[in-house]
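What the coordinates show
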Amino acid sequence: GISPRIAVSVQREHQPKAAPSAVWDLDWQECPVALKLKGLEHPVISVKVPMAFPPSEVPPSASEHWLITSREDAAKLLGLVQQVQQQSEQSLETVGGKTRFVARYDWDMIVLEPSVRHLIKSDFELFFEREDWFRAHNLPYRRGYLFWGAPGNGKTQTVRVMASHPYIKPFAIDLCDVENESRDLTRLFERASESTPALIILEDLDRAFPAEGTQARERSVSFQTLLNCLDGVGSQDGVIVVATANNPTCLDPAILKRPGRFDRVVQFQNPDACLRRQYYQRLNPILSGEQFETAIQKTNGFSFAQLRETYILGAQSAFENGRE
């Protein structure tokens, strides 16, 4: 007795070398749908159910997507859902929920000093092979990385590659967000320990937990909670923590001086001439010649982010003036 409801809206569809065209976008709204799935004896009902919670917990308009099936088919249906989830695109879990994570596990996507990339990649990939050995020798099966250096030199890109490893479930929290509390960090570590192997991302650690007297503290998460989580109070085996900082000398000494909190502390420096040349040619292989080499010399001291900006400005100028 419930009529189907379809939300209809006009969207703009891109057309190469032409104005965008208007197309209809249709969205099925909440009406229950009966599905007959191969391998199941009975139909499955898919329905969105409005849910009411105390206002302090979730938005009042929350709804849950339910699948209703018979007892006989429940186990098989769960197996089908699990297959779909494993094949779906990866998501990054945060305090506020999940966000789409677009990346692939490919170290060739980033340009780094060879020794830095080898150190991080080899140590990271060995983590998945050392579990039995660590347990046999009564060692904690955890890992901690601290990447530091001026902004724009590949710290975040490296973290994204690590987070896209097919075995990894990534988690992240903004320690400077005033909405996040200490219990949010503890809960994040607990969720990660339930989904091992897991990667917890803590960016701009020096901004959230600077040493006393260096700058104003911007954090909302307590310092002791962070130390407890790093020491394993809020985590279990199989958790990797990767943190970034622009200037580690500004970090509270308690973070760096305690052994075992960060196993690898890696500096990301501004690229030398060889890496600048490699980065530019990665953006566009046609770059070469005397003028290109002059640009390599003039960009000494630039970060990768600054190099990309010079490339964009140069490309825009070339397009406007009809040059390569």
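Residues numbered from 1 in each chain as written. Predicted model: local features only at pLDDT ≥ 70, side-chain atom pairs only at ≥ 80, totals over all residues. Heavy atoms only, no water.

Before going further, it helps to examine the overall build of the protein chain. Helices and strands together make up the secondary structure of the protein chain, namely 11 helices and 12 strands. Out of the 324 residues belonging to the protein chain, those deemed buried represent 34%. Long-range contacts, defined as pairs at least 24 residues apart, comprise 65% of the intrachain contacts of the protein chain with a sequence gap of at least 6. Accessible surface, the protein chain as shown: approximately 20,200 Å² in total, 52% of it carbon and sulfur. (Helix = DSSP H or I, 4+ residues; strand = E, 2+ residues; numbered from the N terminus. Buried < 20%, exposed > 50% of the residue type's maximum accessible area, 1.4 Å probe, protein only. Contact = heavy atoms within 4.5 Å. Areas by Shrake-Rupley, 256 points an atom, 1.4 Å probe, with all protein chains shown as cover.)

This part is about the packing of helix α9 (residues 273-283) against helix α11 (residues 304-320). α11 packs onto α9 with a crossing angle of 45° between their chain directions and a minimal axis gap of 11 Å. On the basis of the axis angle, α9 is oblique to α11. Crossing of α9 over α11 shows right-handed handedness. Residues Leu 275, Arg 276, Tyr 279, Tyr 280 and Leu 283 of α9 pack against Phe 304, Leu 307, Arg 308, Thr 310 and Tyr 311 of α11. Partitioning the contact of α9 with α11 into residue classes produces 7 nonpolar, 1 polar and 2 charged. (Axes fitted to C-alpha atoms, helices over the stretch in contact; angles between N-to-C directions. Parallel < 35°, antiparallel > 145°, perpendicular 65-115°, else oblique. Left-handed = near helix turned anticlockwise from the far one by under 90°. Nonpolar A, V, L, I, M, F, W, Y, C, P; charged D, E, K, R; others polar.)

Another aspect to go through is the nonpolar core. Membership of the largest hydrophobic core comes to 28 residues, with the highest contact counts inside it found for Leu 175, Leu 185, Ile 200, Leu 202, Leu 205, Phe 209 and Ile 255. Of all the secondary structure elements, the ones that give two or more residues to this core are α5 (182-193), β10 (198-202), α6 (205-208), α7 (223-230) and β11 (239-245). Ranked by residue count, the leading element in this core is α7, at 5 residues. The contact partners of Leu 202, leaving out residues within four places of it in the chain, are Ile 173, Leu 175, Leu 185, Leu 226, Val 241, Val 242, Ala 243 and Thr 244. (Core = buried A, V, L, I, M, F, W, Y, C linked by side-chain atoms within 4.5 Å.)

Bringing the environment of Glu 179 into the picture now. Examined against the element boundaries, Glu 179 turns out to sit in the loop between β9 (169-172) and α5. Judged by relative accessible area, which is 63%, Glu 179 ranks as exposed. C-alpha separation for the pair Glu 179 and Val 95, spaced 84 residues apart in sequence, amounts to 9.7 Å.

Here we come to the pairing of strand β1 (residues 6-15). Judged from the 9 bridges that link them, β1 and strand β2 (residues 18-28) form a sheet pairing that is antiparallel. Note on β2: the bridge partner recorded for Val 8 is Leu 26. Taking the residues that link successive antiparallel strands as the turn, the β1-β2 hairpin has 2 residues, and the phi of Lys 17 there is positive, at about 60°. (Pairing = 2+ DSSP bridges.)

We describe a pair of aromatic rings using the distance from one ring centre to the other and the angle between the two ring planes. A complete count under the given rule lists 13 aromatic pairs for this structure. With 6.2 Å between their ring centres and 80° between their planes, Tyr 105 and Trp 107 make a pair best called edge-to-face. Arranged with centres 5.2 Å apart and planes meeting at 55°, the rings of Phe 147 and Phe 268 form a pair that is tilted. On the criterion of sequence distance, the pair formed by Phe 147 in strand β8 (residues 143-148) and Phe 268 in the loop between β12 (264-267) and α9 is long-range, its members being 121 residues apart. Its relative accessible area of 3% is what places Phe 268 among the buried residues. Put simply, the rings of Tyr 105, Trp 107, Phe 124, Phe 127, Phe 128, Trp 133, Phe 134, Tyr 141 and Tyr 167 touch in pairs and so form one group of aromatic residues. (Phe/Tyr/Trp six-rings, centres within 6.5 Å; stacked < 30°, edge-to-face > 60°.)

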